[in-house]
Amino acid sequence: MAATAELWPDAARRARLHIVSGKGGTGKTTVAAALAIALAAGGKRVLLVEVEERQAIARLFDLPPLPYEERKIAVAAEGGEVRALAIDVEAALMEYFAMFYNLGFAGRSLKKMGAVEFATTLAPGLRDVLLTGKTKECVTRTERDGSCVYDAVVMDAPPTGRVVSFLNVTVAMADLARKGPIRNQADGVVELLHSPDTMVHLVTLLQDMPVTETIEAVAGLGEVGLQVGTLIVNAATGAHLADAALLPAAEGRLDPERLAAGLHSGGITATPALVDGLIEEATLHATKVVAERECAETVAAQGLPVITLPFLADGADLGGLYELADHLHAQGVR
C-alpha cells in the first residue's frame, strides 16, 4: 500500500502500555488487535490484554475461549509475536492473595466461601485495581538480564463511557487503603498510568454520537492527568466520486441524461431503471461521505494526531486485522 504521512507521535513510540478505548460499536477491540500486530512488527513481542471478560479477542482470532494465561495468538512481520491474556477477575484476586498475603490455600478456601464476590461488591473499585494491576505487572515484568518481557502491552479497555473511571479508580482505592500491599499496588498502578510509559488511544467512527463521546473522553482523561496519544478513525468511507460531484450527488442534483450518455459511451445500455438506481446509490454514498467529512473536521479540531483506518468490506476477520495493521504501520505505528 502507498505510504502516508507518519501520524504516530514520538511519545507513543516511547510508551509501553497502549490503552485502546472507544464507544461501543466503533471496533475498539479490532483496532486494539491490529495495533498489537503493528507494534510487534520487526521481531518485537507484544501482549494484547482483555479486561472485560467478553472473550472478544478469542472470537476475533477465531480461537477457543482464552484461559487466564498468556498465549501466543499471532505472528507479525520479521519474527514479531503477539500474545494474549484474558484477565479473569477471580483468578487475579487469588493470584493477588498468593503474592501479597501468602494465602495460597486459604485464598482458594475464601473463593469457595464466595469471598471474592463479597470483596469486589464491598469495594467495587477493587475489580478495576485487579485488572489494571495485572496489566501493570505484565508491563513491568523483566527477564533475568533486566530487559522487559514485552516490548509493548496493548489493553482492550472498557468503552469511553467508563474508561475514565476505570483508569482513575486506583486513586480512590489508594485513598481507601491507607497502607499495606493494596495501597502499594494502587500506588504502583497510578504511577504507571500517569507516566510517559502509558498512552490512551480513542477509537471513533465518523458519526455524531461516537465523535461526541470521543471528545468528552478526551476532556475527561485530561482532567485526571491521563495522556491521550491518538484519535483513531475506524471504518472510514473512501469517496468513489470526484470532489466536484460529491455535493451535487448528496443534494440529488445529478443529471440523469448526462449519466445515461456516459453509460452509452462505455457500451452500457442505460435503461431508466439502471440510471435511477445509480443515482440513488450515488446520493446515498455522497451523503455519507459529506457527513463523515464534517465529523472528520470536528475530530481534527481536537488538536491530536488522527489515524484513519478503512472500512473492511469483508469484515474484521484475521486477514482484515493484518490489513488494518498494514495501514497503521504506513501511518507511522512502530
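Look above for the structure.
Cut-offs applied
Residues numbered from 1 in each chain as written. Predicted model: local features only at pLDDT ≥ 70, side-chain atom pairs only at ≥ 80, totals over all residues. Heavy atoms only, no water. Helix = DSSP H or I, 4+ residues; strand = E, 2+ residues; numbered from the N terminus. Buried < 20%, exposed > 50% of the residue type's maximum accessible area, 1.4 Å probe, protein only. 1 Å grid on protein atoms, 1.4 Å probe; cavity = no way out; pocket = protein on both sides within 12 Å on 5 of 7 lines; lining within 4 Å. Points joined across faces, edges and corners; volume = space filled by probe spheres on them. Nonpolar A, V, L, I, M, F, W, Y, C, P; charged D, E, K, R; others polar. Salt bridge = Lys/Arg side-chain N within 4 Å of Asp/Glu carboxyl O.

Caption draft 1: Structural detail: unusual backbone geometry. A positive phi angle, near 55°, is found at E53, a position not held by glycine. Examined against the element boundaries, E53 turns out to sit in the loop between β2 (45-50) and α3 (56-60). Relative accessible area serves as the criterion here: at 42%, E53 is assigned to the partly exposed category. Here the phi dihedral of E78 falls at roughly 60°; this positive angle occurs in a residue that is not glycine.

Caption draft 2: Examining the layout of surface pockets more closely. Of the voids in this model, the largest pocket is the one considered here, and its volume is about 340 Å³. As for the largest pocket, its lining consists of 13 residues, and the residues nearest its centre are L241, A245, L254, L259 and A282. Of all the secondary structure elements, the ones that give two or more residues to the lining of the largest pocket are α12 (256-265) and α13 (272-300). If one sorts the elements of the lining of the largest pocket by residue count, α13 sits on top with five residues. The class makeup of the residues in the lining of the largest pocket is seven nonpolar, two polar and four charged.

Caption draft 3: Structural detail: the pattern of salt bridges. Evaluation of the coordinates by the stated rule reveals 16 salt bridges. The closest approach of N and O atoms between D156 and R54, which form a salt bridge, is 3.7 Å. Taken together, the positions of D156 in strand β5 (residues 152-156) and R54 in the loop between β2 and α3 put the pair 102 residues apart, joining distant regions of the chain. With relative accessibility at 34%, the residue R54 sits in the partly exposed group.

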